Amino acid sequence: MNLDFSPEELAFRDEVRAFIAENYPAQLRGKQDEGGDLSKEDFLSWHKVLAKKGWIAPAWPVEYGGPGWTATQRYIWSEETARADCIRIMPFGITMVGPVIYTFGTPEQKARFLPRILSGEDWWCQGYSEPGSGSDLASLRTRAVLSEDGSHYIVNGQKTWTTMAQHADWGFFLVRTNPDAKQQEGISFLLIDMKTPGITVRPIITLGGEHEVNEVFLEDVKVPVENRVYEENKGWTCAKFLLAHERTGIAGVAASKRGIERVRSIASSEMDGDRPLLANPFFRRKVAELEMDLTALEFTELRTLAGEAAGRGPGPESSVLKIKGSEIQQRITELALEAAGHYGAPYFRGFGEGDNEHPIGPDWAHHTAPSYFNMRKTTIYGGSNEIQRNIIAKMVLGL
Amino acid sequence: MDLSFTETQDMLRDTLSRFLADTYDFETRKKMLERPEGRDPGIWRALATELGILSAPFSEEQGGLGGGPLENLIVMEELGKVIAIEPYLQTAVIGGGALKAAGGAMADALIPGIIGGDVIFAFAYAEPKGRYDLARIETTARKDGAGYVLNGHKAVVYAAPWATHLLVTARTGGSGNERGGVELFVVDAKSAGVTRRDYPTVDGFQASEVYFENVAVPGEALLPGGMDLIEQVVDEATMAVCAEGQGAGRQLHELTLAYTKERKQFGQPIGRFQALQFRLADMMIEAEQVASMTLMGTLKLDLPAEQRKAAVSLAKAKVSKSLRFIGQNAVQTHGGIGITVELAAGHYFKRLTMIESQFGPADWHLERYEALTLPA
């Protein structure tokens, strides 16, 4: 056992680093997606560069278009993209529905959807939560009824918290196909073309002023039966598989490293009296504690990945990663807001009115309060941290 | 010892609370914020003339009700309950407090205007590089004949777009964060050489960057007292925002509690789950400690400076920590809906977050408390 990269791994790291330096879209440099200000085109421009290179889906099997990287290579990849401040890749196609389709889908579904997920031609969204079904996802009530000839479903209901549905071409939905069965046994997994008549997307504005999430209304939406993944009433199996996948990614170690790096750099230029803020004993202690907890998370994730490479997982242990990872992401935004001091208060959305002679505090400060508000979502989404603790208690501890 | 409010104080609270219940519901507040000026001036007018609230902290000789910090506590707590955006803190607590303490012609001239609702203050004390150190300012006040000439840039001045008068800290001498030379000036907001860049704040107020370029003010614009006066006024203001936090924090706890009783998951109200019961209990404990510390600090505002500062810092540190706990847990308990603009809870969370650091966050106040009370 050792922590050193092999010569091959070092060569891979250099290759990745050089590729990013040469190919990361110029218009994205310096942009971060914390404030929700990135456009669909912004997201797709980086996606398409990686798709062309064959690096867009690091975890996919080679036969479906993955690069065939080892766990260590994937680790290097996430480190390097975070280090270079690359914007994130939207997870809904690549890390969520893609693996469901190649694991549970028919050959036709694989051929039809996977290449367009990789290329970025289809933008995906997730139709899971409903107004009455959040943590208790299995209570969902959106109803899908099979037509008499068995050719299609008619779907009626409402979904919520649908991230980036305003851009979506396709959505993967959990719907109830058997209302009489036990909750988890009456759910199916449908792929729905978002242009189908009867679908309405309504924005939900969050506390930082962002439009990230939406409500999706489905009224007599006709979905061909061949768009159902896996068996009817077995959709919960796909959902559970996907949630476990979502949780490993959710640790966000590399992004948090970059976030702490940013706080360090802000706090070393921001003055606190005669010293940089980073020399303030209270502030530096919080930075150190954050790095302590992030290192613990990183090695927990590395151990999980090693287990996966040896054929175990990702199991309920990934809840540990989700809980700790989300809490760390929030603490980073707390520190950035603290660093902003008075300039955390202005609600500033860019120089719309042309006065750029009187800046409102440092540029980095404008996002600190909206980010802090927005990132409260991390302990709520993807299975709230309360649900993750339930999973640990039940599945790991047998309580 | 007697920790009960007087009948007059109870009446003040009842009057204000009833008025705000009628005028400041969540939807009405939302519409106020959407107006071009970001507020409804009719509310302020009513607070002054119909309710007489703005006379609460002034003496009877000054035309007031003879109150002080406890009346400010009551008013700020009630305003906090509805997350009001009225400039009571800036006008009555800070502007009024400075004028009361300094006395003289300026006080006689302006206090009736405050009571009548015509004079609105904004407190221009923070600077781009000063953080929370009140003496670390670069704005200058150069003596010029009988008056002064002000130059400088003040940061994030809450209520400045609405203000008729600015209360400005500036240096007549000294540098860095030397206490000597820092003075407090009353400046007519329309004075030649004052410019503003206005913007909304994340918690629903309006604020400005305020620039002073060769702004001439008369000699009586200087309220005598220097840093001692400024610290006294800011300590009073600090306790007033604690009171606002007390009102907003308790209200947010109540909103959250109500939500846990009505929101059902897994076939029952989520308030039936012990994890959430413990959390709601902890939030209540914190809200009670906020009330205790707010009362403690407010009652000690008339102690000698060192003891007053130590008490205020201890109070604000605790209040800041508790309000963060309440705000974060309220959002978590609401789930996704807590992060949207659609429910009141999120708006309380935003204001509580700003109160946390207003006039110094917990760390800053603990540091000040340590310096005052612990041997080096």
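Residues numbered from 1 in each chain as written. Chains lettered and ligands numbered in written order. Predicted model: local features only at pLDDT ≥ 70, side-chain atom pairs only at ≥ 80, totals over all residues.

**Q** I'm lost on the overall build of chain A in this one. Help?
**A** A tally of regular secondary structure across chain A gives eleven helices and ten strands. Relative to a compact globule of 399 residues, whose C-alpha radius of gyration would be 21 Å, chain A shows 22 Å and is just as compact. Taken along its principal axes, the extent of the C-alpha atoms in chain A is 75 × 55 × 50 Å. By the burial criterion, 43% of the 399 residues in chain A qualify as buried. The contacts in chain A between residues at least 6 apart in sequence include a share of 71% that link residues at least 24 apart. (Helix = DSSP H or I, 4+ residues; strand = E, 2+ residues; numbered from the N terminus. Rg over C-alpha atoms; globule rule 2.2 N^0.38 Å. Buried ≥ 20, exposed ≤ 12 C-beta atoms within 10 Å, placed from the backbone. Contact = placed C-beta atoms within 7 Å.)

**Q** Just checking my understanding: could you explain the overall build of chain B for this structure?
**A** When you go through chain B residue by residue, the secondary structure sums to eleven helices and ten strands. The globule rule puts the C-alpha radius of gyration for 376 residues at 21 Å, and the 21 Å found for chain B is close to it. Taken along its principal axes, the extent of the C-alpha atoms in chain B is 75 × 50 × 45 Å. Within chain B, the fraction of its 376 residues that count as buried is 53%. Across chain B, contacts joining residues at least 24 apart in sequence account for 72% of those joining residues at least 6 apart.

**Q** Would you take a moment to explain the pairing of strand E1 (residues 121-124) of chain B for this structure?
**A** Two faces make up the sheet, and in a regular strand the side chains alternate between them. Residues and elements named next belong to chain B. Here E1 shows two buried faces, one formed by Phe121 and Phe123 and the other by Ala122 and Ala124. As paired strands, E1 and strand E4 (residues 165-171) are joined by four bridges and run parallel to one another. Note on E4: the bridge partner recorded for Phe121 is His165. (Pairing = 2+ DSSP bridges.)

**Q** It is not clear to me how the interface of chain B and chain A should be interpreted in this structure. Could you clarify?
**A** Size of an interface: often given as the accessible area lost when the parts come together. With 35 residues of chain B in contact, the opposing surface of chain A contributes 34 residues. Residue assignment for the side of chain B that touches chain A shows that the elements contributing at least two residues are strand E3 (147-158), strand E6 (194-200), strand E7 (206-217), helix H9 (305-334), helix H10 (344-357) and helix H11 (362-373) of chain B. No other element matches the five residues that H10(B) contributes to the side of chain B that touches chain A. For the side of chain B that touches chain A, the class distribution of residues is 15 nonpolar, eleven polar and nine charged. (Nonpolar A, V, L, I, M, F, W, Y, C, P; charged D, E, K, R; others polar.)

**Q** Would you explain the domain arrangement of chain A in this entry?
**A** Residues and elements named next belong to chain A. If you check the domain split of chain A, you get domain 1 (7-89), domain 2 (124-234) and domain 3 (250-396). Contacts between domain 2 and domain 3 engage six residues on the former and seven residues on the latter. For the side of domain 2 that touches domain 3, the residue count by class is one nonpolar, four polar and one charged. (Domains from an automatic or database assignment.)

**Q** Looking at this model, I keep getting lost on unusual backbone geometry. Mind explaining?
**A** Excluding glycine, residues mostly carry a negative phi; peptide bonds, for their part, are mostly trans. The phi angle at A:Trp161 is positive, at roughly 60°, despite the residue not being glycine. Among the secondary structure elements, A:Trp161 is positioned in the loop between strand E3 (152-159) and strand E4 (170-176). Non-glycine residue B:Arg131 carries a positive phi angle of around 45°. Position of B:Arg131 among the secondary structure elements: in the loop between E1 and strand E2 (140-144).

**Q** Whenever I open this one, the packing of helix H7 (residues 226-262) of chain B against H9(B) confuses me. Can you help?
**A** Each pair of packed helices can be described by the angle between their axes along with the distance between the axes. Residue and element names in this part refer to chain B. Relative to each other, H7 and H9 sit at 25°, their axes nearing to 9 Å. Our classification of the angle between H7 and H9 gives roughly parallel. The crossing of H7 and H9 is left-handed. Tallied by class, residues from the contact of H7 with H9 come to eleven nonpolar, nine polar and six charged. (Axes fitted to C-alpha atoms, helices over the stretch in contact; angles between N-to-C directions. Parallel < 35°, antiparallel > 145°, perpendicular 65-115°, else oblique. Left-handed = near helix turned anticlockwise from the far one by under 90°.)

**Q** So what exactly am I meant to see when it comes to helix H4 (residues 69-81) of chain B here?
**A** One turn of the α-helix equals 3.6 residues, which is why residues spaced by three or four share an orientation. Residue and element names in this part refer to chain B. Taking 1.5 Å per residue, 13 residues should reach 18 Å; H4 reaches 18 Å between its end C-alpha atoms and fits that length. Counted residue by residue, H4 has twelve buried out of 13 residues, so it is predominantly covered. Within the sequence span of H4, burial applies to Pro69, Glu71, Asn72, Leu73, Ile74, Val75, Met76, Glu77, Glu78, Leu79, Gly80 and Lys81. Those residues of H4 that are buried lie in contact with helix H1 (7-23), helix H5 (88-102), H7 and helix H8 (274-299). Of the residues flanking the end of H4, it is Ile83, one or two places downstream, whose phi is positive at about 40°. (Expected span 1.5 Å × (residues − 1).)

**Q** Looking at this model, I keep getting lost on the pairing of strand E5 (residues 187-193) of chain A. Mind explaining?
**A** Residue and element names in this part refer to chain A. In terms of residue burial, E5 counts as a mostly covered element, since six of its seven residues are buried. Bridge analysis of E4 against E5 gives seven bridges, and the strand direction is antiparallel. What sits directly across from Val175, in E5, is Ser188. Relative to strand E8 (residues 228-229), E5 runs antiparallel, the two sharing two bridges. In the sheet register, Phe189 faces E8, and the bridge partner there is Val229.

**Q** Teacher, can you tell me more about the domain arrangement of chain B here?
**A** Residue and element names in this part refer to chain B. When its domains are assigned, chain B resolves into domain 1 (7-118), domain 2 (123-224) and domain 3 (227-373). Measuring from the centre of the C-alpha atoms in domain 2 to the corresponding centre in domain 3 gives 29 Å. Residue-level contacts link eleven residues of domain 2 with eleven residues of domain 3. Across the side of domain 2 that touches domain 3, the residue classes break down as seven nonpolar, two polar and two charged.

**Q** It is not clear to me how the nonpolar core should be interpreted in this structure. Could you clarify?
**A** Note on soluble globular proteins: their nonpolar side chains tend to be buried together. Membership of the largest hydrophobic core comes to 140 residues, with the highest contact counts inside it found for B:Ala122, B:Leu150, B:Leu167 and B:Phe185. Here this core gets twelve residues from one element, more than from any other, and that element is H9(B). Sequence-distant contacts of B:Leu150, that is, excluding residues within four places in its chain, are made with B:Thr139, B:Ala141, B:Val168, B:Ala170, B:Phe185, B:Val187, B:Phe212, B:Val215 and B:Val217. With 55 residues, the next largest nonpolar core counts A:Trp60, A:Val155, A:Ile187 and A:Val229 among its residues. (Core = buried A, V, L, I, M, F, W, Y, C linked by C-beta atoms within 7 Å.)

**Q** Would you mind going over the confidence of the model for chain B with me for this structure?
**A** On average, residues of chain B score 97 in pLDDT, and 100% of them are at 70 or above. What the predictor reports for the complex is a pTM of 0.95 with an ipTM of 0.95. (pLDDT = per-residue confidence, 0-100.)

**Q** I tried to follow the packing of helix H8 (residues 281-309) of chain A against helix H9 (residues 318-340) of chain A on my own but got confused; where do I start?
**A** Residues and elements named next belong to chain A. Between H8 and H9, the shortest axis-to-axis distance is 10 Å and the interhelical angle comes to 155°. Accordingly, the angle class assigned to the pair H8 and H9 is roughly antiparallel. The way H8 lies across H9 gives a crossing that is left-handed. Taken together, the residues of H9 that come into contact with H8 (itself represented by Lys286, Val287, Leu290, Asp293, Leu294, Leu297, Thr300, Glu301 and Thr304) are Ser318, Val320, Leu321, Lys324, Gly325, Ile328, Arg331, Ile332 and Leu335. Broken down by class, the residue content of the contact of H8 with H9 amounts to nine nonpolar, four polar and five charged.

**Q** Please explain helix H1 (residues 7-23) of chain A as it appears in this structure.
**A** Counted at 1.5 Å a residue, the expected span for H1(A) with its 17 residues is 24 Å, and the 24 Å between its end C-alpha atoms agrees. Burial of H1(A) is sparse: only zero of the 17 residues sit out of reach of the surface.

**Q** Sorry, what's going on with the environment of A:Ser135 here?
**A** Examined against the element boundaries, A:Ser135 turns out to sit in the loop between strand E1 (124-127) and strand E2 (143-146). A residue is classified by how many C-beta atoms lie within 10 Å of it, and A:Ser135, with 18 of them, is partly exposed. Ignoring any residue separated from it by four or fewer positions in sequence, one finds A:Ser135 in contact with A:Ser384, A:Glu386, A:Ile387 and B:Gln265.

**Q** Honestly, the environment of A:Pro131 in this entry has me stumped. Any pointers?
**A** Residue and element names in this part refer to chain A. Within the secondary structure, Pro131 is located in the loop between E1 and E2. Spatially, the C-alpha atom of Pro131 lies 6.9 Å from that of Lys159, the residues being 28 residues apart in sequence. Aside from chain neighbours lying at most four places away, what touches Pro131 is Gln158 and Thr160.

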